[in-house]
Amino acid sequence: MNAAIRAVVRTAIYYDIEVVGIREGYNGLIQGNFTKLGARSVSNIINMGGTILKSARSLEFKTKEGRQKAYDNCVAHGIDALVCIGGDGTFTGAQIFGEEFGIKVIGVPGTIDNDIFGTDNTIGYDTALNTAMEAIDKIRDTATSHNRIFFIEVMGRDAGFIALNSGIATGAIDILIPEETDSLEEMFNTFEKAKKRGKNSSIVVVAEGETLATTYELAKKTKEQFPEADIRVTILGHIQRGGAPSCADRVLASKLGYGAVTGLMKGLTNVMAGVRSNHIVYTPIEDAIRKHNEINQELLTISEILAL
């Protein structure tokens, strides 16, 4: 998100627009936790993970009274437009706020799950994907050396983009995601086929939102079916949400930050800036919230074929 903040600030200043940073999201908007940002305020942050403005959930912003306080602070500080970086929750709040008070709002998609409609990729996704891939590569060394089966859980509560792509990139024998209807029988058959082909070690990548069973339960049931197998579980967890952003994420965030400011200058509001086929596009926030990116079915077929 820092790369996006940097792009918003420097694009606005280029067009002689003053920029105010709001600390801790909507909480900061309610409490008036503002800081004026200049070109030098965002120096040397493009390579940093996270956000210098911090982030926080705000229950108060869900109330009309809380949003009124936020609007009053906007008026007091001369703020006439908001760039909101985040996912569904952030966009929902922005849409309601904009409709209630007439303030211009534009969203910038920031979530590692990559499930927001209206953009090919979201900020953070590529970095999380590379982090997962590098971790799985290292685990594979252990799996191969000790002839083990590893169940590796990656993030993705409602979406399997990280699991599917990291699984293909690391040669996983099976990939379990919430978008697909999986079964234990199919997974066991995969292990049987692998055994017949002479595979002595296997990697199974599981999205945290997999509905068949928890990752630990999957490992337990597999052990019951194959008692001779040496099975381990690794939960990658929040390691995927941090670290220096990848080149692709830095460029994407820079495009989206620029697109947010220029979109507001064109008079756009209640839209999300996205990138599709390398071009900046704008999608109504309502659509970005209501619809979701869909898993590429061709990639699912590729993952099955290449796991032979």
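Residues numbered from 1 in each chain as written. Predicted model: local features only at pLDDT ≥ 70, side-chain atom pairs only at ≥ 80, totals over all residues. Heavy atoms only, no water.

Some points on the packing of helix α6 (residues 161-169) against helix α11 (residues 297-306)
And step 1. Interhelical geometry of α6 versus α11 gives an angle of 35 degrees and a closest axis separation of 10 Å. Seen along the crossing, α6 lies across α11 with a hand that is left-handed. The residues of α11 that touch α6, namely those facing Leu164, Asn165 and Ile168, are Leu299, Leu300 and Ser303.
And step 2. Along the lines of polarity and charge, the residues of the contact of α6 with α11 split into 4 nonpolar, 2 polar and no charged. (Axes fitted to C-alpha atoms, helices over the stretch in contact; angles between N-to-C directions. Helix = DSSP H or I, 4+ residues; strand = E, 2+ residues; numbered from the N terminus. Left-handed = near helix turned anticlockwise from the far one by under 90°. Contact = heavy atoms within 4.5 Å. Nonpolar A, V, L, I, M, F, W, Y, C, P; charged D, E, K, R; others polar.)

What about the sheet that holds strand β9 (residues 271-276)?
Two orientations exist for strands paired in a sheet by backbone hydrogen bonds: parallel and antiparallel.
And step 1. The mixed open sheet is built from 4 strands, whose spatial order is β3-β4-β9-β10. Unpaired on one side and paired on the other, β3 (81-86) and β10 (279-284) mark the two borders of the sheet. Neighbour-to-neighbour, the strand axes of the sheet open up by a mean angle of 30 degrees, direction not taken into account.
And step 2. Sheet topology note: the β3/strand β4 (residues 104-109) ladder contains 6 bridges and is parallel. Across the sheet, Ala81 pairs through a bridge with Lys104, a residue of β4.
And step 3. Helix α4 (residues 88-101) rests against β3, β4 and β9 of the sheet, and its axis sits at about 160 degrees to β3.
And step 4. Across the sheet, helix α9 (residues 247-265) lies against β3, β4, β9 and β10, angled at about 165 degrees from β4, the strand it touches most. (Pairing = 2+ DSSP bridges.)

A few points about the packing of aromatic side chains
And step 1. Evaluation of the coordinates by the stated rule reveals 8 aromatic pairs.
And step 2. Aromatic pair Phe61 and Phe97: ring centres 5.4 Å apart, planes at 50 degrees, arrangement tilted. Linking Phe61 in the loop between β2 (34-37) and α3 (64-76) with Phe97 in helix α4, this pair joins segments that are 36 residues apart in sequence.
And step 3. On the accessibility criterion, Phe97 (1% relative accessible area) is buried.
And step 4. With 5.4 Å between their ring centres and 55 degrees between their planes, Phe97 and Phe101 make a pair best called tilted. Placement of the pair is Phe97 and Phe101 together in helix α4, with a separation of 4 residues, close to one helical turn. Both residues of the pair, Phe97 and Phe101, belong to the buried class.
And step 5. Connected via pairs of aromatic rings, a cluster forms that spans Tyr26, Phe61, Tyr71, Phe97 and Phe101.
And step 6. Over the ring of Phe117 we find Arg276; its NZ or CZ atom is 4.9 Å from the centre of that ring. (Phe/Tyr/Trp six-rings, centres within 6.5 Å; stacked < 30°, edge-to-face > 60°. Buried < 20%, exposed > 50% of the residue type's maximum accessible area, 1.4 Å probe, protein only. Lys NZ or Arg CZ within 6 Å of the ring centre and 35° of its normal.)

Quick look at the sheet that holds strand β6 (residues 174-176)
And step 1. Here 4 strands make up an open sheet; going across it, the order is β6-β7-β5-β8 and the pairing parallel. Two strands close off the open sheet at either side, each with one partner strand: β6 and β8 (231-235). Neighbour to neighbour, the strand axes of the sheet diverge by 15 degrees on average, direction disregarded.
And step 2. Bridging between strand β5 (residues 149-154) and strand β7 (residues 202-207) involves 6 bridges; their strand directions are parallel. Among the inter-strand pairings, Ile149 is bridged to a residue of β7, identified as Ser202.
And step 3. Docked against the sheet, helix α5 (residues 125-146) engages β5, β7 and β8, running at close to 165 degrees with respect to β5.

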